[in-house]
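Residue-level structural notes
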Amino acid sequence: MSSRGYEPVIGIEIHVQLSTKSKMFCADPTTFDAGDNENVSPISAGMPGTLPVVNKKAIEYAIKTGLALGCEIRKKSVFARKNYFYPDLPKGYQISQYDQPICESGTITFKVDGVDKTVSITRAHLEEDAGKSNHSGDYTLINLNRAGIPLLEIVTGPDMRTPAEAAEYGRAVRQIVRYLDVCDGNLEEGSMRCDCNVSVRKVGAPQFGTKVEIKNVNSFRFVEKAIEYEIERQIDALERGEKIVQETRLWDPDKNRTVSMRAKEDAQDYRYFPDPDLLPLIVTEAMVEGFRKELPELPIARAKRFQAEQGLPEYDALVLTTEKALADFYEETAKESKNFKASSNWVMTELLRELNNANKDITDSPIKPKQLGRMVALIDNGTISGKIAKTVFQEMWQSGKDPEVIVKEKGLVQITDPAAIAKIIDEVLAANAQNVEDHKSGKKKNLFGFFVGAVMKASKGQANPELVNQILLEKLK
Amino acid sequence: MELTFASLSEISDAVKSKKVSAKEVTAHFQSRIQALNPKLNAFTSLNQDALKDAEAIDARIAKGENVGALAGVPFGIKEMLCTKGLTTTAGSKMLSNFVPPYDATVVARLKQAGVVVMGKLNQDEFAMGSSNETSFHGNVKNPWDLERVPGGSSGGSAAAQSARLVAGTIGTDTGGSIRQPASFCGIVGVKPTYGRVSRYGIIAFASSLDQAGPMVSSVQDAALTMEAICGHDPMDSTTSQKAVPQWSKNISTNIKGMKIGVIKEYMKGGLDADVQKTFDDSLETLKKMGAEIVEVSVSMTEFAVPIYYLVATSEASSNLARYDGVRFGYRSEFKNLSSIDLEDFYGKTRGEGFGNEVKRRIMLGTYCLSSGYYDAFYNKAGQVRRLLTNQYLAAFKQCDAIVSPVTTSPAFKIGELVNDPLTMYLNDIFTTSTNLAGLPGMSVPFGMSKAGLPIGIQLTASHFEEQKMLNVAAALESVSPVKGKNPHVI
C-alpha cells in the first residue's frame, strides 16, 4: 500500500500471557479474579532474601509457541535483570531475557484478503509481568497479583506494510496460542497486549523512517485503526516539513487518535545484566523434540487438510479452523456423520448462529458433536428430512437429548411409504378440487408448489419431499 | 561439663540424654548475653521466645522424638538472615522495622536440627564493610581488645562466638566476611563452596558471591553445623544437587602425604610481621606433620580485589533497588504525599535509609552496569573471573588445599581505617578470590600477635572438597597456640 507516495513500515510486539497455574518464578497462583494482593507471597512482593525459581511449564509453553512460529529454540538462554524504579515493580528490576532469548528467527504465514502473507519473527523471550498501580485521589494503590505472571514477548521484523496486515498478524498469533492452549488470547483481560511500531518512508527509499511506538492496544480492530491514524499523522507531518520524533504513543479509542505518552529522549538505561540468581536455562534437543511431538495440527495446516482430504471449500475450511475447539467439534461431527460438507454446513450455520445468539463458547454447546453427527446421518439415511432436521436441531439445543430420542418421542420419522404418501395426496387433492381443475386446465400456472406445501403440511412435514414431488407429478398429469 | 566452652555435640548429647535441659542451656547463655553484650554490642535483638522454644525441644525429647544433631544448642544468627517474627535489619536503617514473615532456609534447617535461636547478630550495613563500623546499630567491639574492631561484616557473629555468648553462630561471606572476622576474633569460620548452602532468605548483597557458613569455636563444630545447613534447596536454583557428606565423622588430623599449595603471587611481602610469622609457622607445622608444600601460580589473584568490587557493587546496586519505601522497610516522612513526585519519594527514602558505604557501592555498581561501561567493567570482570577460576582449578590439580594468610594484619583499631575505604578494601586481598571462583574457604586460629590478638590461617580447596580443607584445618587446630586462650572479656 502506498499513500501519497509514502510506504508504511510496521513491526509488532505482542506480550502473550502464558496460562500457567503459577507465576514465572514462584508458586503464587495466577487466577484472574483473585482479590487485591491475594496472589502475593513474599517472593511476589520482592521481600528481602527471596529468590526466583523458573516455572517449567512456562518454559514448555514458550518452546511450543516458538516451534509453532517456526523459531529456532536456543539450547542455552539467559535471564537478565532489567533495572528500573517503579512502585509496581517490586524488586526494582524485571527478570527478562535480553541478548539470549529462548526463541529466535521464526516466521508466520497468514491470509490477508485471501492472499498469503509471511512475517518474520525476530525473537520470542520470556519475562515476568509487573504489578498494577491504581490511582485514586491522593493515593496510589498497588496490586501485585499480576507481578511475576509469565509473559512471552513475540517480536516481528519490520515486515508489515498495511494496517490490515498488522491486525491479521495479531489474529494469527492469537489463533496459534489458543490452538496450543498456552494463552486464552483474551485482549480485554490483558492476556495479550500489542505494541505497534510504525514508521513511513517515501516509496523506494532505502532507509526506514523514524519509528513511533503505539503501546498497549487492546483489540486487533484498534491495532488497525491506530496504525491507520498514525500513518496519516506521520505523512501529514512530513508533508508539512516536520520531523517525526521517536516517542511512545497511546491509542485513544474514544477520540479515534493516538496521543503522545512520552518522548524517547528520556529513555531509561536499564543496566541489563545476567540475573545471578538464575543459572542459564539449558534446553536439550530431546526436550524440544518431545514438545514438537506434542504440538497440535496448526490452523493453516488443518484448513489445507480440510480442503484436500475432505473436499471442503476454502471458505468453510478457514471458518472452521479459526478456533481449535471449533475445528475439533466439526471433525468429530463429520467423523460420526461421514458427511463432511453437510457437517460443515450444520456447524457453520445453525450451530454457530445459536452459539452466537446465546453468547456461548463452542465448548459450552448443549449439542455435542456426536449428536449433531448422528442427526446429519439421520438425514442421509432418509429417517428425517432436512426440514424436520431443523426441528430436531432446535429440540437438541433446548434439551440436549439425542436426535434418535427426539425423533422417536415426537414421531418425526419421515414417511417414505409411497402408498401412505399417495393417500395423503389424494386427500389433499380431494379437498382442493377447484385448484386441481385450474392447474390441469392451465388456468393458474404455479400451483404445483401450493400442492407440495399442502401435502407437507398435511403430513406434518414428515413426508419424504422427493416422493411427494414424484407422486404429485403423476397424479396431476 | 562447663557449658560455656562445651562443643556443639557435647551440648546436644547432654540435652538428648537429659543431663541438662535445653531450657537450662538457653538460660545459661541468656545470662552471658545479658552480662557481656553491653560491652560488645554483638546482639542487635533477642528472641523473646527462646526459653519457650527450648522447652518445646525438651518436651519433644521427653516424648522420645528425634530432635536432630544440634538439639538444644543455642545459636546466634547474623542479621543478614531472615528469621520469622524476629527483626532482620541487615544492619540498616532501611530495614530497621522489618520483621520477616518467613525463615531463611539456613535458619529453618538449623531449627530442624534442634537449634534454639537466641537472637540476631550485628553486622556491617548490608554486609558491606570489613570492620563492622557501618552498622545502623553501632560498631561491635573485639572481645580480645575492646578498642579494636571484630572485623566485618559478620563482626557480631565473630564477637558473640569468641566471647561465648552462644555456642554457635552463622555468618555470611561475600568477599571474606566470615573468614576475616573469624581471624580477628580467634574462632573458626567456614565459607562453603558456592551452591552448597541455600541463599533463600538471606538478604542479598552480591548474589553470585554470597554464601552463609558457620562461625564457631572448632573445626568439628563447623563441620557439624555445615551438615545441618548445607544441601540442595528447591527455593534456590543455584544450590547444588550434590549430596552433603558427613564431614564431622570423617575429620582426620593425619595429613601425611597431602600436598599443600602456596600461591607464589601472594609471597610479595607487605604483611604485618605477626601475620607473616603465623603464616611461616603454619607452613613449618604442615611440613612437620608430613605434608608437602608446593608452589602454585594463580596470577589472576592480582586482580581479585578490583574484580570483586566491580562484581559485588554491580550486583548490589541491583539487589538493593527493592528498598524503595513502597512495600516494607523505611520510608521517609512526607507531609503531603500527593505533592511529592516519584523521584523525590525514592531519593529521600533511599538517601535517608542507606548509610554512606552502601551509597558509595550502589553508585559504583550503577556506574559499572550503565550502558557504555558494561563491557569495560562488568563484562570484563566476568571474563577475568573465569580466568581466575580456571587458574585455581589448574592449581588444584597440583595440590589438595591452598594455605594463605587471611588478612594482612590482626584486628585494627576502631576508627583507624573508617575514612580510608581503599585501604579497607585491600584488607580483602586474600579472601575475595575464593568467592570469585566459588571455592570453599575457611579461617582457623593459628597465631597470637605480640599485642595478644589472635591471627587466623586461611585454607581453600577445590569445589566441593570441603573435607580436605577441614582436615588440614583440624591438623593446624590440634597444635594451634590459640588453643585454650580466651578473650580478655570473658
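Counting of residues starts from 1 at the beginning of each chain's written sequence and follows it residue by residue. All chains are assigned letters beginning with A, and all ligands numbers beginning with 1, in the order in which they are written. Residue-level local features of this predicted model are given only where pLDDT is at least 70; pairs of side-chain atoms are given and counted only at 80 or more, and the full residue set underlies all totals for whole chains, interfaces and linings. Hydrogens and water are ignored here; the side-chain numbers use all heavy atoms of the structure.

1. A short note on the sheet that holds strand E2 (residues 74-78) of chain B
Think of a sheet as strands paired side by side through backbone hydrogen bonds, with each pair either parallel or antiparallel. All names here are of chain B. Note: two strands are recorded as paired if DSSP finds a minimum of 2 bridges between them. Helix and strand labels come from DSSP, where a helix needs a run of H or I of at least four residues and a strand needs a run of E of at least two; each type is numbered from the N terminus. Pairing in this open sheet of 11 strands is mixed, and the strands run E1-E3-E2-E4-E6-E5-E10-E11-E9-E7-E8 from one edge to the other. The two strands at the open ends of the sheet, each matched to only one other strand, are strand E1 (43-46) and strand E8 (292-296). Averaged over all pairs of adjacent strands, the angle between strand axes in this sheet comes to 30°, irrespective of strand direction. Contacts between residues were defined by any pair of non-hydrogen atoms, one from each residue, lying within 4.5 Å. The axes are straight lines fitted to the C-alpha atoms, using for helices just the contacting stretch, and the angles between their N-to-C directions are given from 0 to 180°. Each of E1, E2, strand E3 (116-121), strand E4 (168-173) and strand E6 (211-216) touches helix H5 (residues 155-162); the most contacted strand, E4, lies at about 155° to it.

2. Observations regarding the nonpolar core
All names here are of chain B. Buried Ala, Val, Leu, Ile, Met, Phe, Trp, Tyr and Cys residues form a nonpolar core when they are joined through side-chain atoms within 4.5 Å. Type-normalised accessible area, obtained with a 1.4 Å probe on protein chains alone, sets the label of each residue: buried when under 20%, exposed when over 50%, and partly exposed for intermediate values. Within the largest apolar cluster, 145 residues are counted, with the highest numbers of intra-cluster contacts made by Leu70, Leu110, Phe126 and Tyr392. It is helix H10 (residues 304-319) that provides the largest number of residues to this core, a total of nine residues. Sequence-distant contacts of Leu70, defined by excluding residues within four places in its chain, comprise Leu8, Ser12, Phe75, Leu110, Ala113, Gly114, Val115, Leu224 and Ala228.

3. Details of the pattern of salt bridges
Whenever Lys or Arg places a side-chain nitrogen within 4 Å of a carboxyl oxygen from Asp or Glu, that contact is recorded as a salt bridge. Taken as a whole and judged by the stated rule, the model has 62 salt bridges over all chains. Two residues, Asp173(B) and Arg179(B), come together in a salt bridge whose shortest N-O distance is 2.8 Å. Classification of Asp173(B) as buried rests on a relative accessible area of 0%. In this structure Arg179(B) comes out as buried when scored by relative accessible area, which is 0%. Here the salt bridges share partners, and the residues they tie into one network are Glu297(A), Arg302(A), Arg305(A), Lys324(A), Asp328(A) and Glu331(A).

4. Remarks on the UniProt feature "domain: Amidase" (unreviewed entry) in chain B
UniProt positions are given in the numbering used here, feature names are shortened, and annotations may be inferred rather than shown by experiment. UniProt annotation of "domain: Amidase" (unreviewed entry) refers to residues 24-470 of chain B when read in the numbering used here. Span residues 24-470 of chain B is 37% helix and 14% strand, its end C-alpha atoms 32 Å apart.

5. Observations concerning the packing of aromatic side chains
In this analysis, rings of Phe, Tyr and Trp, with Trp reduced to its six-membered ring, are considered paired at centre separations within 6.5 Å, and the interplanar angle assigns stacked below 30 degrees, edge-to-face beyond 60, and tilted for intermediate values. Enumeration according to the criterion identifies 28 aromatic pairs over all chains in this entry. Geometrically, the ring pair formed by Phe85(A) and Tyr346(B) is tilted, given 5.3 Å between the ring centres and 40° between the ring planes. With Phe85(A) in the loop between strand E4 (79-83) and strand E5 (93-97) and Tyr346(B) in helix H11 (residues 342-353), this pair bridges two chains. On the basis of relative accessibility, which here comes to 29%, the residue Phe85(A) falls in the partly exposed class. An angle of 35° between the planes, with centres 5.7 Å apart, marks the rings of Trp346(A) and Phe393(A) as tilted. Taken as a pair, Trp346(A) in helix H8 (residues 340-358) and Phe393(A) in helix H10 (residues 386-399) lie far apart in primary sequence, 47 residues in all. Across the pair, Phe393(A) and Trp346(A) agree in class, each one buried. Comment: the charge-over-ring label is applied if NZ (Lys) or CZ (Arg) is within 6 Å of the ring centre and within 35 degrees of the ring normal. The ring centre of Tyr270(A) lies 4.5 Å from the NZ or CZ of Lys82(A), which sits over that ring. For Lys202(A), the ring lying beneath its charged end belongs to Tyr6(A), and the centroid distance is 4.5 Å.

6. Digging into the packing of helix H13 (residues 433-441) of chain A against helix H14 (residues 448-458) of chain A
Residues and elements named next belong to chain A. The N-to-C vectors of H13 and H14 enclose an angle of 145°; their axes lie 10 Å apart at closest approach. As H13 runs across H14, the sense of the crossing is left-handed. Within the contact between the two elements, H13 uses Asn435, Val436 and His439 and H14 uses Phe448, Phe450 and Phe451. Each crossing is labelled by how the near helix is turned from the far one, with a counterclockwise turn of less than a right angle marking it left-handed and a clockwise turn marking it right-handed.

7. A closer look at empty space enclosed by the protein
Residue and element names in this part refer to chain A. Grid points spaced at 1 Å over the protein atoms alone were grouped into cavities, where a 1.4 Å probe fits but cannot get out, and pockets, open sets with protein on both sides within 12 Å along at least five of seven lines, with lining residues defined by an atom within 4 Å of a point. Grid points are joined across faces, edges and corners, and a volume is the space filled by probe spheres set on the points. In the structure shown here, the tally under the stated rule is four cavities of 30 Å³ or more. In terms of lining, the largest cavity is formed by 20 residues, of which the most central are Phe25, Ile43, Ser44, Lys91 and Glu128. Charged residues are taken to be Asp, Glu, Lys and Arg, nonpolar residues to be Ala, Val, Leu, Ile, Met, Phe, Trp, Tyr, Cys and Pro, and polar residues to be all remaining types, Gly included. Of the residues in the lining of the largest cavity, the class split is 11 nonpolar, three polar and six charged. By volume, the second largest cavity is sized at about 80 Å³.

8. A short note on helix H12 (residues 356-369) of chain B
To estimate how far a helix should reach, multiply one less than its number of residues by 1.5 Å. In this model H12(B) runs 20 Å from its N-terminal to its C-terminal C-alpha over 14 residues, within 8% of the 20 Å that 1.5 Å per residue would give. Each element contacted by the buried residues of H12(B) is listed here: strand E15 (273-274) of chain A together with H10, H11, helix H13 (375-398) and helix H14 (421-426) of chain B.

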